[in-house]
Amino acid sequence: MNNPIRVRFAPSPTGPLHIGGMRTALFNYLFAKKNNGTFVLRIEDTDQKRFVKGAENYITDSLKWCNIPYDEGPGKEGGFGPYRQSQRKHLYKKYVDQLLKSNNAYYAFDSAESLDNERRKHEEKGKTFIYNWHNRTKGRLTNSLVLSEKEVQDKIANGDDYVVRFLAPKGETVELSDMVRGKIRIDTNTLDDKVLFKSDGMPTYHLANVVDDYLMKITHVIRGEEWLPSLALHKLLYKAFEWGAPKFAHLPLILKPAGKGKLSKRDGDKLGFPVFPLSWKDPVTGDVSKSYKEDGYFSGAVINFLALLGWNPGSEQEVFDLDSLIRVFDLKKVNKAGARFDPDKTKWFNQQYMQKTSAKDLVSLFINDNPELSSIDTGYVELVIKQVKERATLTSDLWGLSHYFFVAPSDYAEGALKKVWKPNSKELMTQLIRVLETGDDSSAKGLQDGVKNWITKSEVGFGRVMMPLRVALVGALEGVDVFDIIFLIGKAEAIKRIQLLIDSN
Ligand code: GLU
């Protein structure tokens, strides 16, 4: 039997997760669920300098909101924990020692200043400094390849700071195979001897990532394209450990709406669309970033547009719920080319979800957004939503489209009033009140028939009545059919609003 599929989403808690990270999580989730596999969340927090408080909670809350829960991870033990690398610190030393012993790694004692010096000297000559076969034993660098064993032991015993570097092989070609990009060949002479471990006992990303993928029995590594340059090193590490490597799939970049350059966290604020699933308050600056949830997006719509960023179902279909995404998802259909992010299209998706969602299901969302409505009968709220939802794109649009069903206008749009209020309007509105008082109000149609008959019979002109009536009910020349409004708010309330308009003119 094949190994059970295990994938992981391995974010570093250095800030809020933006939609690129969410897409990586989603593709891992879809792949796991499609293949009856396990979706692991691993928090890669070895770099304590970049650690941001609240970021891990933000990540787990975002996964929850998007409905893509992890099977194993912090708080969900599955036999491979702990799932935070900072809590796995004790595990890595053994593997570094293994690499040192097999001569795949070495100690380096170069100070930050001496390395800066090297870098500067190279730059002066128009060159780039790379710590590797070029210079590792040329005498300017201080490492265990040039020092005697005794010198090395003395330095360590003396408490000197050191790092352990990977010894990238010279003159070899690494064959990489990526499920999205196919075969890639890398000349190892271009690689640098990456730092794997530091004397404070902390592994770097590369070592911890590979060791944990191995220990957690990860079968497929699905991550963003920005990690592709690390693949050769990771492959070499697997080889050095004599471990079988997982399969790799590097997802294409998400590009700015203009099509060029990677979408950045800052683009959202600059271009006026959210790039974060949930809102995030920067713990240092206190700045709050826009988010999909708070802007009125359905999580299903967010998932849907994320799925189509770099993946295509091979058909014309665009709207998918999570279950159908799981059914049709296929890593083979992930594109190599970057995926342009289109904020208008995300709105379009939300509109599709708005229309698909029943008014009944929107009620609690709407009341949540507008707690002042919580004492109002939910049956009434549902009827109102039914009236307006076809005009809504975001859930946050619903209030703007329906407020007049809940509160009488407190003022009137100036332009509208000027346009509709004629010398005989007062008289007409007074007559209209009478018509409504005596007319049939058992349905919107009954109300409409009564008013229209009167208008036709008395030849007062439709616009002359309907337009001020609309301003009285809504406060502006907007809104759904006036008779639907009168029917829902009730004749008495409608009459009150008409009287208010008369009195204020
Ligand atoms: N910790 C890395 C990140 O922040 C994980 C990269 C990977 O998936 O290997 O994205």
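Scroll up for the structure.
These numbers come from a predicted model, not from an experiment.

Before we move on, could you go through the overall build of the chain and cite the residues and values that matter?
Helix and strand counts for the chain come out as 21 helices and 13 strands. Here the chain has a C-alpha radius of gyration of 32 Å; the compact-globule value for 505 residues is 23 Å, and the former is much larger. Across its three principal directions, the C-alpha atoms of the chain cover 110 × 55 × 35 Å. A buried classification covers 50% of the 505 residues belonging to the chain. Within the chain, contacts between residues at least 6 apart in sequence are counted, and of these 71% link residues at least 24 apart. With an accessible surface of roughly 24700 Å², the chain has 49% of that area assigned to carbon and sulfur atoms.

For the side chain of Glu72, give the residues involved together with the corresponding values.
Its location among the elements puts Glu72 in the loop between helix 2 (55-65) and helix 3 (89-101). Judged by relative accessible area, Glu72 falls into the buried class, the value being 6%. Once residues within four sequence positions are removed from consideration, Glu72 is found in contact with Arg6, Thr38, Phe39, Val40, Leu41, Gly78, Phe80 and Tyr83.

How would you explain the packing of aromatic side chains if you had to name every residue and give the values?
All chains considered together, the criterion is met by 25 aromatic pairs. Centroid distance Tyr95 to Trp243: 5.6 Å. Interplanar angle 70°. Geometry classified as edge-to-face. With Tyr95 in helix 3 and Trp243 in the loop between helix 7 (231-241) and strand 9 (247-251), this pair connects stretches of sequence that are 148 residues apart. Under the relative-accessibility criterion, Trp243 is labelled buried at 11%. Between Arg6 and the ring centre of Phe80, over which it is positioned, the NZ or CZ distance is 3.8 Å. When the ring centre of Phe27 is taken as reference, the NZ or CZ atom of Arg23 above it lies at 5.6 Å.

Go over unusual backbone geometry with me, naming the residues and quoting the values.
In this chain, Gly81 is followed by Pro82 through a cis amide linkage whose omega measures -5°. Of note in this structure, Asn36 is not a glycine but carries a positive phi near 50°. Even without a glycine there, the phi angle at Lys217 is positive, about 55°. Exposure remark for Lys217: the relative accessible area of 55% places this residue in the exposed category.

Lay out the site of the ligand with the relevant residues and their values.
The environment of the ligand is formed by Arg8, Ala10, Ser12, Glu44, Tyr205, Asn209, Arg223 and Trp227. Backbone polar atom of Ala10 to a nitrogen atom of the ligand: 2.8 Å apart, as the coordinates give it. Between Glu44 and the ligand, the recorded distance is 2.7 Å, taken from a side-chain N or O atom to a nitrogen atom. Split by residue class, the shell around the ligand holds three nonpolar, two polar and three charged.

Please provide a residue-by-residue account of the side chain of Arg8, values included.
Locating Arg8 in the fold gives a position in strand 1 (residues 6-9). What makes Arg8 buried here is its relative accessible area of 3%. A distance of 2.9 Å separates a polar atom in the side chain of Arg8 from a polar atom in the side chain of Asp213. Sequence-distant contacts of Arg8, defined by excluding residues within four places in its chain, comprise Asn28, Val40, Arg42, Asn209, Asp213, Ile218, His220, Val221, Ile222 and Arg223.

I'd like a description of helix 21 (residues 491-503), backed by residues and values.
Under the 1.5 Å per step criterion, the end-to-end length of helix 21 is 18 Å for 13 residues, consistent within 8% with the ideal 18 Å. Turning to helix 21, its buried residues number three or more, namely Lys491, Ala494, Ile495, Arg497, Ile498, Leu501 and Ile502. In an axial view of helix 21, the angular spread of the buried residues amounts to 160°, which keeps them on one side of the axis. Turned more than 90 degrees away from the buried face of helix 21, the exposed residues are Ala492, Lys496 and Asp503. Tucked inside the fold, the buried residues of helix 21 contact helix 16 (414-420), helix 17 (425-438), helix 19 (462-474) and helix 20 (482-489).

Can you break down the pairing of strand 6 (residues 182-187) residue by residue, with the values?
Pairing of strand 5 (residues 173-178) with strand 6 involves six bridges; the strand directions are antiparallel. Paired with Ser177 across the two strands is Lys183, which belongs to strand 6. In this antiparallel pair of consecutive strands, strand 5 and strand 6, the connection spans three residues.

The rules behind these values
Residues numbered from 1 in each chain as written. Predicted model: local features only at pLDDT ≥ 70, side-chain atom pairs only at ≥ 80, totals over all residues. Heavy atoms only, no water. Helix = DSSP H or I, 4+ residues; strand = E, 2+ residues; numbered from the N terminus. Rg over C-alpha atoms; globule rule 2.2 N^0.38 Å. Buried < 20%, exposed > 50% of the residue type's maximum accessible area, 1.4 Å probe, protein only. Contact = heavy atoms within 4.5 Å. Areas by Shrake-Rupley, 256 points an atom, 1.4 Å probe, with all protein chains shown as cover. Phe/Tyr/Trp six-rings, centres within 6.5 Å; stacked < 30°, edge-to-face > 60°. Lys NZ or Arg CZ within 6 Å of the ring centre and 35° of its normal. Near = heavy atom within 4 Å. Polar contact = N/O pair within 3.5 Å; in protein donor to acceptor, adjacent residues only side chain to side chain. Nonpolar A, V, L, I, M, F, W, Y, C, P; charged D, E, K, R; others polar. Expected span 1.5 Å × (residues − 1). Arc of directions from axis to C-beta. Pairing = 2+ DSSP bridges.

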